[in-house]
Amino acid sequence: MVKFSKELEAQLIPEWKDAFVNYCQLKKYVKKVRLSKKPISDQIHLLHLHDQEDDPPQYGFSIFDPVRYVFKKLSAKFQSSSTDQREMIIQVRNKNGEGDEESVYQTELLHLFSEEDEVKEFFERLDEELNKVNQFYKIKEKEFLERGEALNKQLETLLDLKQILSERRRKNHLLRLETGSLARSNSSSVRSASDYSESGTEMDETSPTNEDGKNGVNSFTGGTRTKTKKTRSGLRIDIPATNPTRTISAVTSKLWEDLVNNPKKEGHGDSVNRKKIQCAEKMIRGAFVELYRGLGLLKTYTSLNMVAFVKILKKFDKVANERASSSYLRAVKRSHFISSDKVVRLGDEVESIFTKHFANDDRKKAMKFLRPRENKASHMITFLAGLFTGSFVALFSVYAILAHMSNIFKSGTEPGYLETVYPVFSMFAFLSLHLFMYGCNIFMWSSTRINYSFIFEFSPSTTLKYRDAFLMCASFMSAVVGAMVIHLILRSSHFAPTHVDAIPGVLLLCFIALLICPFNIFYRSTRYCFIRVIRNIAFSPFYKVLMVDFFMADQLCSQIPLLRHMETTACYFLAKSFKTHQYEICNQSKLYRELAYVISFAPYYWRAMQCARRWFDEGDVAHLANLGKYVSAMVAAGARLTFARQHDNLWMFMVVLTSSIATVYQLYWDFVKDWGILNRNSKNRWLRDDLILKSKNIYYISIFINVLLRLVWIESVTRISSPTGFMESQVLDFFLASLEIIRRGHWNYYRLENEHLNNVGKFRAVKSVPLPFRGIDSDD
C-alpha cells in the first residue's frame, strides 16, 4: 500500500507545491506526540524502528491476560458511550469572527493532555496550514473569477461585432440587389465598411442599428439583448504579432502613429475585419480553455488538501488516543476552500459557454478542448524501443566486423568512403544522439516533477514521453546502421559504385519524406510541431518568440557540425559527385567555402534575432545583453573557421582571444541567468536557495562538467592529440561534436529546472492568454 505522503507528492500541482498542506512536517509533530507518551527507553528504541502504528499492542503470556482483555473491552465500550464528550477536547474558532471573510483559525485545548506542549505545538502548526490553504485558495479564486468576468465582457463584444458584420453584409447584399448598379453598390459598401475600421468600432445614437434596437450585446448566458446609448468607444482589436504579416503590420502601424498624432482610420473592407475577428475568437477560445484548466487545478487543490487534513487528524487520534478529528474537521469543512462553491459554478458556466459558442452545442467536441486526454504510456512502445535497441546493437556489431574485414578505416586508405558516407550518416548519428539526450531529459524532468509540458506549452494529448523519444532514437539508428551495412556489403560485392553511393541520398530522402508525411503515423503531431518551430526560428524575428522556440534555437547552436554536414551532403548530391567520384569539387568551390560561414553563423544569428524580438516585445534590457553573447559566439566561430583554412599565428591569436571572451560570456550566462546559481548569498553555498535534486554535490559536479565541455574548442584549435591521418581527424571531429551535444543535453535539465522554480515562485500553473479587445470598459 502506497503511503499517503508519497501519493500526495505524486498528485499535487508542482507549481503550487508550497501552498499545499505540509503533510510530512505535520507527521513529525504527530511523532513528537507519540514519543512524549512513551518512557525514555522506549523513545530511544522507537527512533530506530519503522512506523508500526497499525500493529496492535502485543502482551506477554501471563495469568492476567484474561483480566486485561476484559478491561480493554469495557474501556472501549465506555469510550464509545462517551464519544460526544471526548469530541469536545478542542475548540476551533475564527479569531476575526464567524462572519468575517478573512478567516484566521486558532485551536484551543479544552482537555488536559499529559503531553500538552507537544499537542499544542501540533495544533498550532495545523492552524497555520489551514490558514495558509484558505488564504491561497481565496487569492486564486478571486483571480479566476476576475478572469472569468473579463472573458464575459470579451465574449459579449465578440458576439456584438460578429452580429454587426453579419447585418452590414446582409444590408450591402440587399443594396446590390436593389440598385443593380455595380458602381453604386461599391460606393455604399465603402461607406458602410468605414464605420467599422481596422483600428476599432464606433457607433452613435443615429446609427441604423440603434433604431432597430440591435446594437446591444447578447449576454453569453442566453439573456436578451439590451440597448446601449453608445457602444464601447475607442475599441481596439489587439492581435498579437505572432507571424511575419502581423509583425510587419504592427511595426508599420506603430511608426505611423509615431509620425502622425491622430492616425487616419483605414477601412479595409469586411474581409480584413472578418480575419481580425476570427483571430480574436481563437484567442478568446484559448483563454476559456486555460480558465477551465485553472478551475480544474483549484478543484484538485481543494480535494487533496481535504484528504491531507483527514489523514493527519486520524493519525493524531490514533497516537493521542483521543477524538479530536471530528471537531477540527467540522471547522475545516466550514472554511472557505471547502464551503465556497464559486469555482464549481464558474466551471459549469464555462462548460456551457464553450459548448454553445465554440463547439456548436456539441458537448463531446467541447470536452476535447476543455479536457484533453493525456498520452498514456503503452507497453507496445516499450517493447518496440527494446526491439529496435537490440537491432541497432546487432547491426552495429555486424557493421564493425565488415568494416574491419574490408579495411575500410585503415590508415592510408583513399578517402572516398568517408567523403560519401561520413557526412550523411554522421548527420543521423548527431540527430539520434540529441534525441537520446532529450529522452534522458524528459525522464529526469518527469522523475523530479518538472512540468516540462506546461513550460513548453505542449498539448497533454500529444506530449512525448521519454519512452517515445527512446523509440524514435532507436528506430532511427537501426535504419541508419542497416543502410550502412547494406552499403558496405554492396560496395564489397563490386556492385556499380554509382548505384551503391546513392544509398545515403536515398536514405536522406526517405527521412525527409517521413518528416513531412501528412498521414497520422509515427508521431505526426510531434513532426509538425518540429517543422513549425524550425520555421519560427528561421524567420526570426518576425515570429513571436515562445519558450520552445528559443530552447530549440539553443539546441541548433550545438548542432553546427550537423548543419555543416548537411551542406557537404547537399553539395555532394547536387554536384553529382557520387557519379563522377570527384570529391574535391565541393572543397574547391568558392561558393561552398563562403556558405560555410553562413551556416556557422546561422544558429547564433537566429538566436540573436530572437533576443531582439523579445526585447522589442517585453522591453527587458537583459535580452540585449543575451544578444551580445550570441554575437560574441558568431565572431569566435568565424575566427575558428578562418584559422582552419589559414594556419598562421595571427589567426591563432584571434581564435584564442575571441573564443576566450565568448566562453567567459557563455559560462556567466549559463550559471547566473540560465541555471540561476552562483548566488553568494544563498543558503546553499554558491548555488540557489531552492534545489530540486537532493544532493548539492551534483550541482557542483555539473558546474565542473559544463566548464570542461565549454573548453572543448581548445582541442579543436590546438590539436593536442595530433591526429595522423584523414580518418583520425574525422573521428576526432565527430567525438568533439558529440561532446557538445552531450553538454547541451546536460545543460537542458538545469535550464528547465530554473524555469520551473521561477513558475513555482510565482505559483504560475496556468498560462496567461492575452485578450484581443481593449477599451471595452469605456462606455459613456
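What you see is a predicted model; the values in this text were computed from it and never measured. (Residues numbered from 1 in each chain as written. Predicted model: local features only at pLDDT ≥ 70, side-chain atom pairs only at ≥ 80, totals over all residues. Heavy atoms only, no water.)

## Comments concerning the packing of helix H1 (residues 4-11) against helix H2 (residues 23-36)
Between H1 and H2, the least distance of the axes is 10 Å, while the angle of their chain directions is 160°. As judged from the angle between their axes, H1 and H2 are roughly antiparallel. The two elements H1 and H2 meet at a crossing, and its hand is right-handed. Seen from H1, the contacting residues are Phe4, Ser5 and Leu8; seen from H2, they are Tyr23, Cys24 and Lys27. Its residues assigned to classes, the contact of H1 with H2 shows four nonpolar, one polar and one charged. (Axes fitted to C-alpha atoms, helices over the stretch in contact; angles between N-to-C directions. Helix = DSSP H or I, 4+ residues; strand = E, 2+ residues; numbered from the N terminus. Parallel < 35°, antiparallel > 145°, perpendicular 65-115°, else oblique. Left-handed = near helix turned anticlockwise from the far one by under 90°. Contact = heavy atoms within 4.5 Å. Nonpolar A, V, L, I, M, F, W, Y, C, P; charged D, E, K, R; others polar.)

## Here we look at helix H27 (residues 590-618)
Compared with the 42 Å implied by 1.5 Å per residue over 29 residues, the 42 Å span of H27 between its first and last C-alpha is a close match. Positioned one or two residues after H27, Gly619 has a phi angle of 75°, which is positive. (Expected span 1.5 Å × (residues − 1).)

## Brief notes about a nonpolar patch on the surface
Taken together, the side chains of Leu509, Ile512, Ile516, Tyr528, Phe530 and Ile531 define a hydrophobic patch exposed on the protein surface, amounting to about 530 Å² of accessible area. When contributions to the nonpolar patch are tallied by element, the ones reaching two or more residues are helix H21 (503-515) and helix H22 (524-538). When residues in the nonpolar patch are grouped by element, the largest group, three residues, is from H22. Within the secondary structure, Ile516 sits in the loop between H21 and H22. (Patch = residues over 30% accessible without salt bridge, like charges linked within 9 Å, V, L, I, M, F, W, Y side chains within 5 Å. Areas by Shrake-Rupley, 256 points an atom, 1.4 Å probe, with all protein chains shown as cover. Salt bridge = Lys/Arg side-chain N within 4 Å of Asp/Glu carboxyl O.)

## Some words on the packing of aromatic side chains
Across all of its chains, the model carries 36 aromatic pairs by this definition. In textbook terms, an aromatic cluster arises when at least three aromatic residues are bridged by ring pairs, as seen for Tyr438, Trp445, Tyr452, Phe456, Phe458, Phe551 and Trp747. Directly above the ring of Trp669 sits Lys673, whose terminal nitrogen or CZ lies 5.8 Å from the centroid. (Phe/Tyr/Trp six-rings, centres within 6.5 Å; stacked < 30°, edge-to-face > 60°. Lys NZ or Arg CZ within 6 Å of the ring centre and 35° of its normal.)

## Quick word on helix H17 (residues 422-447)
Between its terminal C-alpha atoms H17 stretches 37 Å, which fits the 38 Å expected from 26 residues at 1.5 Å a residue. Directly after H17, the chain includes Arg449, whose backbone phi takes a positive value near 65°.

## Concerning the state of the cysteines
With the rule as written, the count across this model stands at zero disulfides. Looking at Cys611, it has no disulfide partner, and the nearest cysteine sulfur is the one in Cys557, 9.5 Å off. (Disulfide = S-S within 2.5 Å.)

## Looking at the pattern of salt bridges
Taken as a whole and assessed by the stated rule, the structure comprises 22 salt bridges. Its salt-bridge partner being Arg688, residue Glu753 comes within 3.3 Å of it at the nearest N-O pair. Pair noted here: Glu753 is in helix H32 (residues 726-761) and Arg688 is in the loop between helix H29 (649-674) and helix H30 (696-710), with a separation of 65 residues, a long-range link. Here Glu753 matches Arg688 in class, with each residue buried. Shared partners join several salt bridges into a network, and the residues in it are Arg125, Glu128, Glu129 and Lys132. (Buried < 20%, exposed > 50% of the residue type's maximum accessible area, 1.4 Å probe, protein only.)

## Some remarks on the side chain of Thr663
Within the element layout of this structure, Thr663 appears in helix H29. Assessed through its relative accessible area of 5%, Thr663 is described here as buried. With residues up to four places along the chain from it excluded, the contact list for Thr663 reads Arg710, Leu711 and Trp713.

## Quick look at unusual backbone geometry
In the segment running from Ser540 into Pro541, the intervening peptide bond is cis, with an omega of 5°. Positive phi, normally seen in glycine, also occurs at Asn360, with a value near 55°. Checked against the element boundaries, Asn360 lands in the loop between helix H13 (342-358) and helix H14 (363-370). One non-glycine residue, Asp361, lies in the positive phi region at around 60°.

## Description of the packing of helix H15 (residues 379-405) against helix H19 (residues 466-492)
Running from amino to carboxyl end, H15 crosses H19 at an angle of 25°, the nearest separation of the two axes being 8 Å. Comparing the axis directions of H15 and H19 gives the class roughly parallel. The hand of the H15/H19 crossing is left-handed. Each residue belonging to the contact of H15 with H19 can be placed in one class, and the counts come to 19 nonpolar, six polar and two charged.

## Quick word on the nonpolar core
Counting 76 residues, the largest nonpolar core has Trp16, Phe123, Leu126, Phe288, Tyr301 and Tyr328 as the members making the most contacts within it. Of all elements in the fold, only H1, H2, strand E1 (90-94), helix H6 (116-179), helix H10 (269-320), helix H11 (325-334), H13 and H14 reach the threshold of two or more residues within this core. If one sorts the elements of this core by residue count, H10 sits on top with 23 residues. In this structure, Leu126 is in contact with Leu26, Phe309, Ile312, Leu313 and Tyr328, ignoring residues within four places of it in sequence. Counting residues in hydrophobic clusters, the runner-up holds 38 residues, among them Trp445, Ile455, Tyr699 and Leu752. (Core = buried A, V, L, I, M, F, W, Y, C linked by side-chain atoms within 4.5 Å.)

## A closer look at the confidence of the model for the protein chain
For residues with low pLDDT, the predicted coordinates do not support detailed interpretation. On average, residues of the protein chain score 80 in pLDDT, and 76% of them are at 70 or above. Counting contacts from residues 40-61, a segment whose pLDDT is below 50, to residues more than four positions away or on other chains yields 17 contacts. This model gives residues 76-86 a pLDDT under 50, and the stretch forms six contacts once residues within four places in sequence are excluded. (pLDDT = per-residue confidence, 0-100.)

## With respect to a positive patch on the surface
The grouping of Lys364, Lys368, Arg373 and Lys376 at the surface amounts to a positive patch. Mapped onto the elements of the fold, Lys364 is located in helix H14. Residue class for Lys364 comes out exposed when judged on its relative accessible area of 63%. (Lys, Arg positive; Asp, Glu negative; His and termini not counted. Charge placed at Lys NZ, Arg CZ, Asp CG, Glu CD.)

## Looking at the environment of Lys333
By the secondary structure assignment, Lys333 is in helix H11. Along the sequence, Lys333 and Met306 sit 27 residues apart, while their C-alpha atoms lie 8.4 Å from each other. Once you skip the residues sitting within four places of it in the chain, Lys333 turns out to touch Met306, Ile338 and Ser339.

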